[in-house]
Amino acid sequence: MSTQPKLTRFNQNVLSKYRIYNSIFMTLPFDTITKTGVLLPLFHETCAKGFKAGDNPTTIVDTFFKKYQARRNKESQINLLFRFIQYIERQVVLFDAIEDAAFPIVNNMDGIGTLRSLKEVASSENKTEELKRYLEEFKVRIVLTAHPTQFYPGSVLGIITDLAEAIKQNDLLQINSLLAQLGKTPFFKHEKPTPYDEAVSLIWYLENVFYKSFGEVYDYIQQNIFDHQLINNEIINIGFWPGGDRDGNPFVTPEITLKVAKRLHQTVLKNYYRDVRSLKRKLTFKGVEERITALEAKLYESSINIDSTDTITLAHFVSELEAIKKIIVTDHQSLYLNEINSVLNKIHLFGFHFATLDIRQDSRAHDKVFNAMVDTLLESRSAIFPKNYHNLSEEKQVTFLSNIKGEVELSLFKDEEVLKALETMKVLREIQQISGERGANRYIISNNQSALNVMQLYAMLKLVAFNDELTVDIAPLFETVTDLENAHLVMEQLYSNKAYRAHLQKRGNKQTMMLGFSDGTKDGGYLMANWGIFKAKERLTKISRKYNITAIFFDGRGGPPARGGGKTHQFYASLGPTIEDKEIQLTIQGQTISSNFGTLESSQYNLEQLISSGIFNKLNETHLRMSSEDKKVMDTLAKISYKSYADFKNHPKFLSYLEKMSTLQYYAKTNIGSRPSKRSKSEELIFSDLRAIPFVGSWSQLKQNVPGFFGVGKALQYYEDKGEFKKVKQLYKNSAFFKTLVENSMMSMSKSFFDLTKYMANDPEFGEFWNIIYHEFTNTKRLLLKLAGYKELMENEPAGKASINIRESIVLPLLTIQQYALMKIREIKTQNSEDTAQLEVYEKLVTRSLFGNINASRNSA
């Protein structure tokens, strides 16, 4: 099977099965489903023909009802549109499940980028020892975030998992039952989830997927690359944001943070209990059975009473398993030794924390809390701060905070926000006592602009919780174009500070710095954001190496290319020697968790791709260095695209277009995340308030995907107009980094469909603005095809393109309904109609249509 082309495997195992199982929907014993299933193909055909003929969504919907359902009144028509939405949502779930089931068939699980391939290449080139050395210090950390790009409630995720398994087994009866269950299961969340709800949803993946896939990947490395020897490095680990990410989310309290950490601790104990219980059935030997039985009982008791003072310790758990292992080797011919080693490996990976809970807050929020803390301490006549502290220069404040001493009593503070911030720091210490230091040992400062931002947090952590034993890494997050340009200067000021340098020495001479792709793209456009981060990493690497610090780069990536997603592993395989690469750290969120890591096979495959990409970069870094000429071309492209994007962003119609013509304002109504969709409470739409997810997602819903390409065409045209396009072709040929950027942009454009909104070209208010976008799209497409030598976008990835085409086809009626509803809303508002009931109905249509569109795209927000 695997010898056939990937597209053939996709067509046989995904497309064909989707057509077969989709037809089962119509046989379900529910009248409304049967009728909807009969009418939907007719509506789909009307949409396809209508857009081809240049009709607008309102005309298409009206044509459908006149031709096929002329007797329906207005209310009945709207009800049918809602039923179409519900039906399509379930078609998307079915397609997801079929793709999940076919993953190990469509993808070559031993092919390029897998550990087996990496091992064989290293062996053939006599680089096995070199590979071992890299693996002894190289790490990959994927950080799960709660950012709201996942629209499936837990019950539906469970159905997808069961459905995928039934499809693998070709169990038609079970598939039929699950499709019936799907037809009856609601998708819509009536209340916003709490941060704890979000954490519990993601812990499901830890418990059911990552625990097994991480374990299997680590076991493979130990057994096949290290020949069963111990590895003094966990290589792979997990970070966790739900319950710790306070940036812009007032609902994340210290109590929630502690509750989430305890839930993680309890869940990993339950997983260990299951493994030990399984071992107990095998280790029925003299001198072993009693000990494994006692261990099982202790784990069970500890997992249900985590607040007890008599719970099992990590040291006892490990020592008991090691003692049992020794008896097995000495007295019982090493029976089941691999199984015991596998549990020990999982303990090595997950400890008693399962995932490391990160704390994150905005520097501006910290500044307010810090200054309020200083004021309160001065009022209470505390000697910690001098009376003239606020009058000191920034440089002198940094110097003072470096050597701060004392302890702050929280009972002094009455302000709720100040208390929440400071209590969170105390909770950090408490989590470390429960789950070990890895339970929570990193604090991220978003929107970090100065060394003072870092030192304020440094001082608060010491005064409130840690004194002189600060077992927390402080990670500044640089996001905007300006902050990225200045990041190395901020870090040099910190590295030059004796106290902070001593802190880093205690932390292993490593400094984590987070770089934000999402807000970077929103601020600077696609090319500038990616190139700006590349150059920032080079500068930060250089300055860190100057002070003998290992730079650890943590990438804040979203799902789509416009937010740093797309072919992520290709980025890490293309960085070259000028960027520190001992660790890969990146955020995985929303749909990307379920689509790339949602099953054991996809999780293991994508994890191996990330490990291999980092190692590949190390083994081949001399071939990846960009020449000065290529850098010059890349720099020019980035600057021109930035100017083009900035002019577009400053267009007087930019914000009003998003507000009036897109789904931006409806994201807040979807109840998919605990975090507000805007940073401030202002009624007016302000660009800086916009979060990256609804910003990028709104362009995706319009099927315009502006952040993934805008400015790229203008930059390429500069070289075409000068007759120097060969320079860009040379860059494309030489630089894997630039090639990955181009391919990701193509992916964004492949998910665009301008016929959907072509009616806007004649809009008296926004016609000119729509045409600016459309012109840039067509120009960018023409030039990207010319650059790559392709006849169509994604020509080199026929299976990926086929998957996108099917998903886009499934949601075509959904997109039509959404635009139809938006047109009706504008019509009602333009006429100043007081028909609020009709307005609410159409607004509900828009909100409901968001779900299926986002889920179908899998990496659209």
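All figures in this text were calculated on a predicted structure; none of them were measured in a lab.

Undergrad: Whenever I open this one, the overall build of the chain confuses me. Can you help?
TA: Looking only at helices and strands, one finds 34 helices and eight strands in the chain. For the chain, the C-alpha radius of gyration of 28 Å lies close to 29 Å, the compact-globule estimate for 861 residues. Overall, the chain is about 75 × 70 × 60 Å in size when its C-alpha atoms are taken along their principal axes. Contacts in the chain between residues far apart in sequence, at least 24 positions, make up 81% of those at least 6 positions apart. Entry remark: accessible area of the chain is about 34500 Å², with carbon and sulfur atoms responsible for 49%. Taking the average location of the 109 positive side-chain charges in the chain and that of its 99 negative ones, the two points are 3 Å from each other.

Undergrad: Can you help me understand the side chain of Asn441 in this one?
TA: On the secondary structure map, Asn441 appears in the loop between helix H16 (416-435) and strand E4 (442-446). Looking at Asn441, its side chain comes within polar contact range of the side chain of Glu437, at 3.0 Å.

Undergrad: Would you explain the sheet that holds strand E2 (residues 236-240) in this entry?
TA: The strands that make up a sheet are held in pairs by hydrogen bonds between backbone atoms, and each pair lies either parallel or antiparallel. Spatial strand order, E1-E2-E3-E4-E5-E6-E7-E8: eight strands in a closed barrel with parallel pairing. Each neighbouring strand pair of the sheet contributes to a mean axis angle of 25°, computed without reference to strand direction. Alignment of E4 against strand E5 (residues 473-478), held across four bridges, turns out to be parallel. Bridging across to E5, Arg442 finds its partner in Asp473. Helix-sheet contacts for helix H10 (residues 254-282) involve E2 and strand E3 (356-362), and the interaxial angle to E3 is about 160°. Lying on the sheet, helix H14 (residues 363-379) is in contact with E3 and E4; it crosses E3 at an angle near 75°.

Undergrad: I would appreciate a short explanation of the pairing of E2 in the present structure.
TA: Buried residues dominate E2, accounting for five of its five residues. What you see with E2 is no split at all: Ile236, Ile238 and Phe240 on one side and Asn237 and Gly239 on the other are buried throughout. As paired elements, strand E1 (residues 139-145) and E2 share five bridges and run parallel to each other. Residue pairing for E2: Arg141 is matched across the bridge by Asn237. Of the pairings in the sheet, the one linking E2 to E3 comprises two bridges and is parallel in character. The partner of Phe240 across the bridge, within E3, is Leu357.

Undergrad: Any chance you could explain the nonpolar core here in plain terms?
TA: Across soluble globular proteins, you tend to see nonpolar side chains buried next to one another. Counting residues in hydrophobic clusters, the biggest one holds 271 residues, and the most contacted among them are Phe240, Phe317, Phe385, Ile611 and Trp699. A total of 17 residues in this core trace back to one element, the largest contributor, which is helix H4 (residues 74-106). Setting aside its immediate chain neighbours within four residues, Ile611 contacts Leu115, Leu135, Phe138, Val140, Val217, Ile221, Ile235 and Ile236. The next biggest cluster of nonpolar side chains, apart from the first, holds seven residues, and it includes Trp241, Ile444, Leu477 and Met514.

Undergrad: Before we go on, may I ask you to explain helix H17 (residues 451-466) in this structure?
TA: Given 3.6 residues to a turn, an α-helix orients residues that are three or four positions apart in the same direction. Across the 16 residues of H17, 16 count as buried, placing the element largely inside the fold. Once H17 ends, the next one or two residues include Asn467, with phi positive near 50°.

Undergrad: What is the right way to read the packing of helix H1 (residues 6-25) against H4 from this model?
TA: The description of two packed helices rests on the angle between their axes and on the distance between the axes. Packing of H1 against H4 brings their axes to within 9 Å, and their N-to-C directions diverge by 145°. Of the two elements, H1 crosses H4, and the hand of that crossing is right-handed. In contact with Lys6, Arg9, Phe10, Asn13, Val14, Lys17, Tyr18, Tyr21, Asn22 and Phe25 of H1, H4 contributes Tyr87, Arg90, Gln91, Leu94, Phe95, Ile98, Glu99, Ala102, Ile105 and Val106. The residue inventory of the contact of H1 with H4, partitioned by class, reads twelve nonpolar, three polar and five charged.

Undergrad: Any chance you could explain the side chain of Thr587 here in plain terms?
TA: Within the fold, Thr587 resides in strand E8 (residues 583-589). The exposure class assigned to Thr587 is buried, which follows from its relative accessible area of 4%. Every residue in contact with Thr587, bar those within four places of it in the chain, is listed here: Val143, Thr145, Trp241, Met514, Phe554, Asp555, Gly556 and Arg557.

Undergrad: Got a minute to help me understand the packing of aromatic side chains in this structure?
TA: The description of an aromatic ring pair uses the distance of the two centres, along with the angle that the planes make with each other. Per the counting criterion, the structure on display carries 50 aromatic pairs. Residues Phe43 and Phe64 carry aromatic rings whose centres are separated by 5.1 Å and whose planes lie at 65° to one another, so their mutual orientation is edge-to-face. With a gap of 21 residues between them, Phe43 in helix H2 (residues 31-52) and Phe64 in helix H3 (residues 57-68) connect regions that are remote in the sequence. Given the relative accessible area of 0%, Phe43 is considered buried. Classification of Phe64 as buried rests on a relative accessible area of 0%. Between Tyr273 and Tyr300 the ring centres are 5.4 Å apart and the planes differ by 50°, which places this aromatic pair in the tilted class. In this pair, Tyr273 is assigned in helix H10 and Tyr300 in helix H11 (residues 289-304), connecting sequence segments 27 residues apart. Assessed through its relative accessible area of 16%, Tyr273 is described here as buried.

Undergrad: Sorry, what's going on with the environment of Thr330 here?
TA: By secondary structure assignment, the location of Thr330 is in helix H12 (residues 314-331). Under the relative-accessibility criterion, Thr330 is labelled exposed at 58%. A polar atom in the side chain of Thr330 sits 2.8 Å from the backbone oxygen of Lys326.

Undergrad: What exactly am I supposed to notice about the packing of H12 against helix H13 (residues 337-350) here?
TA: As a packed pair, H12 and H13 sit with axes 10 Å apart at the nearest point and diverge in direction by 160°. Comparing their axes, H13 and H12 come out roughly antiparallel. Between H12 and H13 lies a crossing of left-handed hand. Across the interface between the two elements, Leu314, Phe317, Val318, Leu321, Glu322, Ile324, Lys325, Ile328 and Val329 from H12 touch Leu337, Ile340, Asn341, Val343, Leu344 and Ile347 from H13.

Undergrad: It is not clear to me how the pattern of salt bridges should be interpreted in this structure. Could you clarify?
TA: When charged atoms on two side chains of opposite charge get close, those side chains can pair. Going through the model one piece at a time under the given rule, you end up with 43 salt bridges. One salt bridge in this structure joins Asp473 and Arg507, with 2.7 Å as the shortest N-O distance. You can see Asp473 sitting in strand E5 and its partner Arg507 sitting in the loop between helix H19 (498-506) and strand E6 (510-516), a full 34 residues away along the chain. For Arg507, a relative accessible area of 16% gives the class buried. Notably, a salt bridge pairs Lys643 with Asp647, separated by 2.7 Å at the nearest N-O pair. Residue Lys643 and its partner Asp647 are located together in helix H26 (residues 628-649), separated by four residues, close to a single helical turn. Here the salt bridges do not stand alone but share partners, grouping Glu89, Arg90 and Arg848 into one network.

Undergrad: Is there a simple way to think about the environment of Thr399 in this case?
TA: Inspection of the secondary structure puts Thr399 in helix H15 (residues 394-402). Judged by relative accessible area, Thr399 falls into the partly exposed class, the value being 46%.

Undergrad: Before we go on, may I ask you to explain the pairing of E5 in this structure?
TA: The side chains of a regular strand alternate, residue by residue, between the two faces of the sheet. For E5, the buried fraction is high: five of the six residues fall into the buried class. Taken together, E4, H17 and E5 constitute a β-α-β crossover, and its handedness is right-handed. Both E5 and E6 contribute to a ladder of two bridges, which runs parallel. Of the residues in E6, the one forming a bridge with Phe478 is Leu515.

Reading guide: rules and limits
- Residues numbered from 1 in each chain as written.
- Predicted model: local features only at pLDDT ≥ 70, side-chain atom pairs only at ≥ 80, totals over all residues.
- Heavy atoms only, no water.
- Helix = DSSP H or I, 4+ residues; strand = E, 2+ residues; numbered from the N terminus.
- Rg over C-alpha atoms; globule rule 2.2 N^0.38 Å.
- Contact = heavy atoms within 4.5 Å.
- Areas by Shrake-Rupley, 256 points an atom, 1.4 Å probe, with all protein chains shown as cover.
- Lys, Arg positive; Asp, Glu negative; His and termini not counted.
- Charge placed at Lys NZ, Arg CZ, Asp CG, Glu CD.
- Polar contact = N/O pair within 3.5 Å; in protein donor to acceptor, adjacent residues only side chain to side chain.
- Pairing = 2+ DSSP bridges.
- Axes fitted to C-alpha atoms, helices over the stretch in contact; angles between N-to-C directions.
- Buried < 20%, exposed > 50% of the residue type's maximum accessible area, 1.4 Å probe, protein only.
- Core = buried A, V, L, I, M, F, W, Y, C linked by side-chain atoms within 4.5 Å.
- Left-handed = near helix turned anticlockwise from the far one by under 90°.
- Nonpolar A, V, L, I, M, F, W, Y, C, P; charged D, E, K, R; others polar.
- Phe/Tyr/Trp six-rings, centres within 6.5 Å; stacked < 30°, edge-to-face > 60°.
- Parallel < 35°, antiparallel > 145°, perpendicular 65-115°, else oblique.
- Salt bridge = Lys/Arg side-chain N within 4 Å of Asp/Glu carboxyl O.
- Right-handed = clockwise from strand over helix to strand, strands pointing away.

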